[in-house]
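A look at the structure
Residue-level listing of the chains:
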Amino acid sequence: MVERNIDRIGNLGDGVVEAANAETADGMPATGPLFVPFGLPGETWAINDDGVATLITPAPDRATPLCQHFTICGGCRAQHMPSDMYAAWKRARIVDALAQAQIVTPDGQDTRVLEPILSGRGTRRRAVLTASRNTDGGGKDRAGVAVGYYARATHALVDIAHCPVWVPQLEAALPDLRAIAHLTAPKRGDLRITVLASETGLDVAVTGADHDPDAEVRAQLSGYAESAGIARLLVNGRDVVQRAEPALTIDGVRLLVPPATFVQATAKAEAAMINRVVTETQGARAIADLFSGIGTFALALSRGARITAYDSDTEAVDAMTRAHNHTQNRKPVEGVVRDLFREPLARKELEPFDAVVFDPPRAGARAQAEQLAKSNVPTVVAVSCNPQTFARDAKTLVDGGYEMGSVLPIDQFVFSEHVELIAAFRKPSVGRKGGRRLSGRGRR
């Protein structure tokens, strides 16, 4: 057994012992840095021959975890970090990705990456849970079904009793969600439960059940839905309970949410993202919203510009269009169903737009970024939940002649390694025939 001091925090939240200090327990030099789960800089840990680490001297500012499942459940990585270290870690994830892409300097002195906006505990309104009758980690409840998240780097399901990250409505519904899982979980394999706290009640979609529930089971499910305040319950895509249509208000627009569709994880983060996107596109008259989903940005941007919104999800595009049609004092919004991974907007198609907003999934938008880089769209606003693919797409835009403004991190995924980010890219000296150049307001 050897004792080692933690030098820094790694991208995934582990404590890192640099290679120069990372001699292994058997006395052999380490070939690379050692990663110590939940280690903090300045702490001393003992590492045995099997690589198991034990905390010897904790950091004086080590935070007390909020949750009894922390270090077992794989949902959180950072409840032990003090708040200033936590914010710096989130920012550093973006700085490191951009430095690797040679967009900012690796020493972190480039001030374009701003301090993050933090969401805080009790703000997560959307969760995706796993349920199983066959678990080998975290235990089972008395009904024989575990409901929760996988343990870190394993397929062992941790049966959770509560989650301080969730909004209170989700946490209060956990016993009824467990009962629903007991009635629908397959004999083998996992059940997936997607739950959203909407303004009219919970929206719950269960997938992976062996078969559709019969009349007796449907009656029991209805009772649990009533108890949990569930507005809509679907099993394998079919309505079982519909007490109300799940609804959200986005920038003053009331939208009926399609089943199991993507929604921003926290309302606070959503508001911050909308504010940033609106600010960065101020002055634009025609905007393309790419990977628009239910119209989180399109609906807000329609206050001042004509919007063409593209997404492959037909139900999401239809929901956005219906919401816009029932709202007054907005510019036109046209929804277009299109798979932008297979068919990105080409340079010629981008010409009519003063600004483009794109918010792709974690994989990023390589093909679309390549087309944007070739275009003369004055302003491009990139929204991402993955610093690595953002940096890749940002490099494509920069190499195409765009200048990157400030990057705003938004901590939507509390206590996890994930971070949302937004940045505007502007192409200098781009004019428009018969048009006007954007003011560039919102740049820092």
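This section reports on the structure supplied with the text. (Residues numbered from 1 in each chain as written. Predicted model: local features only at pLDDT ≥ 70, side-chain atom pairs only at ≥ 80, totals over all residues. Heavy atoms only, no water.)

**Looking at the layout of surface pockets**
In this model, the second largest pocket occupies a volume close to 230 Å³. Looking at the lining of the second largest pocket, the elements with two or more residues in it are strand E2 (8–9) and helix H1 (83–100). A total of 6 residues in the lining of the second largest pocket trace back to one element, the largest contributor, which is H1. Residues of the lining of the second largest pocket, tallied by class, amount to 6 nonpolar, 2 polar and 3 charged. (1 Å grid on protein atoms, 1.4 Å probe; cavity = no way out; pocket = protein on both sides within 12 Å on 5 of 7 lines; lining within 4 Å. Points joined across faces, edges and corners; volume = space filled by probe spheres on them. Helix = DSSP H or I, 4+ residues; strand = E, 2+ residues; numbered from the N terminus. Nonpolar A, V, L, I, M, F, W, Y, C, P; charged D, E, K, R; others polar.)

**Things to note about the pairing of strand E19 (residues 333–337)**
In terms of strand pairing, strand E18 (residues 306–311) meets E19 through 5 bridges, oriented parallel. Looking at the pairing, aspartate 311 lines up with valine 337 of E19. (Pairing = 2+ DSSP bridges.)

**Details of the sheet that holds E18**
Sheet architecture is open: 8 strands sit in the order E7-E22-E23-E21-E20-E17-E18-E19, paired in mixed fashion. Edge positions in the sheet fall to strand E7 (117–118) and E19, since each has one partner strand and no second. Where strand E17 (residues 286–290) meets strand E20 (residues 355–358), 4 bridges bridge the pair, whose relative direction is parallel. Each bridged residue has a counterpart across the sheet, and for isoleucine 287 the counterpart in E20 is alanine 355. The strands touched by H1 are E7, strand E22 (403–411) and strand E23 (420–426); relative to E22, the strand with the most contacts, the crossing angle is about 145°. Contacts from helix H5 (residues 267–280) reach E7, E20, strand E21 (379–384), E22 and E23 within the one sheet, and its direction differs from that of E23 by about 5°. (Contact = heavy atoms within 4.5 Å. Axes fitted to C-alpha atoms, helices over the stretch in contact; angles between N-to-C directions.)

**Details of the packing of H1 against helix H10 (residues 387–399)**
Packing of H1 against H10 leaves a shortest axis separation of 8 Å and a crossing angle of 40°. With respect to H10, the axis of H1 lies oblique. At the point where H1 passes H10, the crossing takes the right-handed sense. Within the contact between the two elements, H1 uses Arg93, Ile94, Ala97 and Leu98 and H10 uses Pro387, Gln388, Phe390 and Ala391. (Parallel < 35°, antiparallel > 145°, perpendicular 65-115°, else oblique. Left-handed = near helix turned anticlockwise from the far one by under 90°.)

**Digging into the sheet that holds strand E11 (residues 190–198)**
The 7 strands are arranged E10-E9-E8-E11-E12-E13-E14 in an open sheet whose pairing can be described as mixed. The open sheet has two edge strands, strand E10 (157–159) and strand E14 (238–242), and neither has a second partner. The mean inter-strand angle of the sheet, taken between neighbouring strand axes irrespective of direction, is 30°. Looking at chain direction, strand E13 (residues 230–235) and E14 are connected through 4 bridges and run antiparallel. Across the sheet, the residue bridging to leucine 233 is valine 241, located in E14.

**Looking at the pattern of salt bridges**
Under the criterion given, the structure shown has 23 salt bridges. Note that arginine 338 is salt-bridged to glutamate 349, the shortest N-O span being 2.9 Å. One end of the pair, arginine 338, is in the loop between E19 and helix H8 (347–350); the other, glutamate 349, is in helix H8, with 11 residues separating them in the sequence. What makes arginine 338 buried here is its relative accessible area of 12%. We classify glutamate 349 as partly exposed; its relative accessible area is 34%. Because the salt bridges share partners, they merge into one network encompassing Asp251, Arg303 and Arg330. (Salt bridge = Lys/Arg side-chain N within 4 Å of Asp/Glu carboxyl O. Buried < 20%, exposed > 50% of the residue type's maximum accessible area, 1.4 Å probe, protein only.)

**Some thoughts on H1**
Counted at 1.5 Å a residue, the expected span for H1 with its 18 residues is 26 Å, and the 26 Å between its end C-alpha atoms agrees. Considered for burial, the residues of H1 that qualify are Met85, Tyr86, Ala87, Trp89, Lys90, Arg91, Arg93, Ile94, Val95, Ala97, Leu98 and Ala99. Where H1 is buried, its residues touch E2, E7, H10, E22 and E23. Residue glutamine 102 follows H1 closely and has a positive phi angle near 60°. (Expected span 1.5 Å × (residues − 1).)

Such coordinate-based values are descriptive only and should not be taken to indicate function.
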